[in-house]
Amino acid sequence: MEVLRISPLCLLLLLCCWAPIGESKYLKYKDPNQPLSVRIHDLMHRMTLEEKIGQMIQIDLTVATPEVMKKYFIGSLLSGGGHGPAPNASAETWVNTVNGLQNGSLSTRLGIPMIYGIDAVHGHNNVYNATIFPHNVGLGATRQVCRDPRWGRCYESYSEDHTLVQAMTEIIPGLQGDIPAGYPKGVPYVDYGTKVAACAKHFVGDGGTHNGINENNTIINYHGLLSIHMPAYYDSIIKGVSTIMVSYSSWNGKKMHANYNLVTKFLKNRLKFRGFVISDWEGLDRITTPPHANYSYSVQAGIHAGIDMVMIPYNYTEFINDLTYQINNKIIPMSRINDAVERILRVKFTMGLFEHPLADLSLSNLLGCKMHRELAREAVRKSLVLLKNGKSPDKPLLPLPKKASQAILVAGTHADNLGYQCGGWTISWQGQSGNNITSGTTILSAIRSTVDPTTKVVYSENPALDFLKNNAFSHAIVVVGETPYAETAGDSMNLTIPSPGPSTIQTVCSVIDCVVVIISGRPVVIEPYVPVMGALVAAWLPGSEGQGVADVLFGDYGFTGKLPRTWFKTVDQLPMNVGDKHYDPLFPFGFGLTTNPVNAR
């Protein structure tokens, strides 16, 4: 998860650069009893052009020295992507479990542990992925509608159906707080104290790119764009979302970072969004092909389009010089700069940054706390989708008995790998393999702690046929799936399960009654192997709380999840979405078998 961060130094500079130490005169912008508009305009009248440009800049924390912050009046810092958080900071990896939820109320509750993690680890931040700002902005409120699972960011999307994505905008009140009655539409709202500012991204249509290629072109008419990809932004704005991030992608050949008609005329003017619009990482550079080929043009096009804050993140002096030149030479009007700064300050004032500039470090003891882990575990349970249960309807395999007469075999590359459970965008950008990335419970460990003490659990990652024939097993649990990825690295034209996953399924399930658990960020090719499976479970990316998987496999809870996206037969069918004329899925949108819980031992 990316995190937009305002450092204490940056904030103190913001608070003090217009009021010299020892100044005693009354300053309206520092008075919380003044109306928001009065505070904003009072502060803006005191700002120089250099200070205003500084507010529009977001740089990476690795280049944010005290000298740089002071000299260039930098308005925000970015902590994300390749930056490792504090120990246990990603304990709440619940965000990767939502694929099977279709549950707006749970989405609101899931926003709470995210807040504590952001506040305690990063100080005052902004949540940008639903993916934040130093009083807390989170880059986490994704509004993508993934229409093709070949897209490497599909797991950042809640569904192929915009109505489900709209329902999941309930995470915004969970992050920011509930909007009071009568609050004006489009104005950002943050109940500051233990809340953070949310960011909806990526505006707009990035889930519909041609062939699912990341940062590519979304080819769709205006009605299709508004009816499929835009509705969740309507809901986000109504719920008071503070910031919106622009997509790298294009719409019918026009780069979104340079699209004045959609960013300014539609988002700001028609939808009345009054928070600020932020670029993606080096998003201005990518207006041209190749990136950075004509940076002066990119600055002009991006700022004119309506981008208020620019995620640079390193070469900030070039941006400052280009923007200053264009303002002084009337290429970019001062009114556009004032609009950007007013929007940024509106969010900062709303977040309470001027009254509460520093993080509440007392929240750090909530990182990875039992209450939040239990919430993550609940999300895992409710997100699991049961796709097959028994080779005939009258002989279900699940739930499994905790007490087995013979040993239980657990197999597969993903059974004992916390990194694989978490996927990309966790401790590191692309994710990684292993069990030492964070605190958590692997599915293997969860199975061992769930079964009866007399039941033997044997783990073999990729057992040979002779091993299976020479040992007696009551049943097997095979856990395989995708390895971690993020963004373009996850684009896949074949969507096959990496080796040896398919052979493990075929070998084990041909000999033993088996349950196959798929760990993936999206539907993958499984149609050839379904006939040999006894049961099939889509577990998505369950994150740190693998115990939630065992809870349902062994019947402490029932399966309730439904597919939020179509599971295809072959990739030749893609893109294929519910409602299409030639809809012929392996498992349709909304499918999911249910089971009843059984008595725990």
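For clarity, every value in this text was computed on a predicted model and none was experimentally measured.

Engineer: For the confidence of the model for the protein, give the residues involved together with the corresponding values.
Structural biologist: Of the residues in the protein, 85% reach a pLDDT of 70 or more, and the chain-wide mean stands at 89. This stretch, residues 5-22, has a pLDDT under 50; its non-local contacts, to residues over four places away or in other chains, come to 50 contacts. Per-residue pLDDT stays below 50 along residues 86-98; that stretch engages in 38 contacts with residues further than four places along the chain or on separate chains.

Engineer: Now, about the side chain of Ser 298: what can you tell me, with residues and values included?
Structural biologist: Mapped onto the secondary structure, Ser 298 falls in helix α11 (residues 295-305). Judged by its relative accessible area of 0%, Ser 298 is buried. Filtering out sequence-adjacent residues up to four positions away, Ser 298 remains in contact with Leu 284, Asp 285, Ile 287 and Thr 288.

Engineer: With reference to specific residues and values, describe the side chain of Asp 42.
Structural biologist: Here Asp 42 is to be found in helix α2 (residues 36-45). Accessibility expressed as a relative area gives 14% for Asp 42, which makes it buried. Excluding its chain neighbours within four sequence positions, the residues that come into contact with Asp 42 are Leu 27, Lys 28 and Tyr 29.

Engineer: Tell me what's going on with the nonpolar core, and back it up with residues and numbers.
Structural biologist: Formed by 82 residues in total, the largest nonpolar core has its most connected members in Ile 57, Phe 203, Ile 244, Leu 262, Ile 303, Phe 319 and Leu 323. Broken down by element, the residue count for this core peaks at seven residues, all from helix α13 (residues 334-350). Counting 35 residues, the second-largest nonpolar core is a separate cluster that includes Leu 400, Val 457, Leu 541 and Phe 559.

Engineer: Summarise the environment of Lys 382; cite the residues concerned and give the values.
Structural biologist: With respect to the secondary-structure elements, Lys 382 resides in helix α14 (residues 370-383). Measuring from C-alpha to C-alpha, the distance between Lys 382 and Gly 558 comes to 8.8 Å, with 176 residues separating the pair along the chain. A distance of 2.7 Å separates a polar atom in the side chain of Lys 382 from a polar atom in the side chain of Glu 378.

Engineer: Can you break down the pattern of salt bridges residue by residue, with the values?
Structural biologist: Where charged atoms of side chains with opposite charge meet at close range, the side chains can pair. Taken as a whole and assessed by the stated rule, the structure comprises 22 salt bridges. Of the charged contacts in the structure, one is a salt bridge between Lys 268 and Asp 308, with a shortest N-O distance of 2.8 Å. Here the residue Lys 268 occupies a position in helix α10 (residues 260-270), and Asp 308 occupies one in the loop between α11 and β12 (310-311), the gap between them amounting to 40 residues. What makes Lys 268 buried here is its relative accessible area of 5%. A network of salt bridges, in which partner residues are shared, links Lys 268, Asp 308, Arg 336, Asp 339 and Arg 343.

Engineer: Hey, could you go over helix α12 (residues 316-328) for me, with residue numbers and the actual values?
Structural biologist: Its 13 residues place the ends of α12 18 Å apart at the C-alpha level, agreeing with the 18 Å of an ideal helix rising 1.5 Å per residue. Taken together, the buried positions of α12 are Tyr 316, Phe 319, Ile 320, Asp 322, Leu 323, Gln 326 and Ile 327. Of the residues flanking the end of α12, it is Lys 330, one or two places downstream, whose phi is positive at about 60°.

Engineer: Mind laying out the packing of α2 against α13, listing which residues take part and the relevant values?
Structural biologist: Two elements in contact, α2 and α13, have axes separated by 10 Å at closest approach and are oriented at 125°. Taken together, the axis directions place α2 and α13 in an arrangement best described as oblique. Crossing angle aside, the handedness with which α2 passes α13 is right-handed. Facing Leu 36, Arg 39, Ile 40, His 41, Leu 43 and Met 44 of α2, the residues of α13 in contact are Asn 338, Val 341, Glu 342, Leu 345, Arg 346, Phe 349 and Thr 350. Along the lines of polarity and charge, the residues of the contact of α2 with α13 split into seven nonpolar, three polar and three charged.

Engineer: Which residues make up the layout of surface pockets, and what values do they have?
Structural biologist: As a volume, the second largest pocket reaches approximately 230 Å³. Of the residues that constitute the lining of the second largest pocket, the class distribution is four nonpolar, eight polar and three charged.

Engineer: Lay out the sheet that holds strand β7 (residues 217-218) in plain terms, naming residues and giving numbers.
Structural biologist: Pairing is mixed in the open sheet, where three strands are placed in the order β7-β9-β10. Looking at strand neighbours, the two that pair on one side only are β7 and β10 (254-255), the edges of this open sheet.

Engineer: How would you sum up the packing of aromatic side chains? Please name residues and give values.
Structural biologist: In total, this model carries 11 aromatic pairs according to the counting rule given. Centroid distance Phe 587 to Phe 591: 5.4 Å. Interplanar angle 25°. Geometry classified as stacked. Put simply, the rings of Tyr 29, Phe 349 and Phe 354 pair up and form one aromatic cluster. A cation over an aromatic ring shows up here: Arg 286 above the ring of Tyr 248, its NZ or CZ 4.1 Å from the ring centre.

Parameters at a glance
Residues numbered from 1 in each chain as written. Predicted model: local features only at pLDDT ≥ 70, side-chain atom pairs only at ≥ 80, totals over all residues. Heavy atoms only, no water. pLDDT = per-residue confidence, 0-100. Contact = heavy atoms within 4.5 Å. Helix = DSSP H or I, 4+ residues; strand = E, 2+ residues; numbered from the N terminus. Buried < 20%, exposed > 50% of the residue type's maximum accessible area, 1.4 Å probe, protein only. Core = buried A, V, L, I, M, F, W, Y, C linked by side-chain atoms within 4.5 Å. Polar contact = N/O pair within 3.5 Å; in protein donor to acceptor, adjacent residues only side chain to side chain. Salt bridge = Lys/Arg side-chain N within 4 Å of Asp/Glu carboxyl O. Expected span 1.5 Å × (residues − 1). Axes fitted to C-alpha atoms, helices over the stretch in contact; angles between N-to-C directions. Parallel < 35°, antiparallel > 145°, perpendicular 65-115°, else oblique. Left-handed = near helix turned anticlockwise from the far one by under 90°. Nonpolar A, V, L, I, M, F, W, Y, C, P; charged D, E, K, R; others polar. 1 Å grid on protein atoms, 1.4 Å probe; cavity = no way out; pocket = protein on both sides within 12 Å on 5 of 7 lines; lining within 4 Å. Points joined across faces, edges and corners; volume = space filled by probe spheres on them. Pairing = 2+ DSSP bridges. Phe/Tyr/Trp six-rings, centres within 6.5 Å; stacked < 30°, edge-to-face > 60°. Lys NZ or Arg CZ within 6 Å of the ring centre and 35° of its normal.

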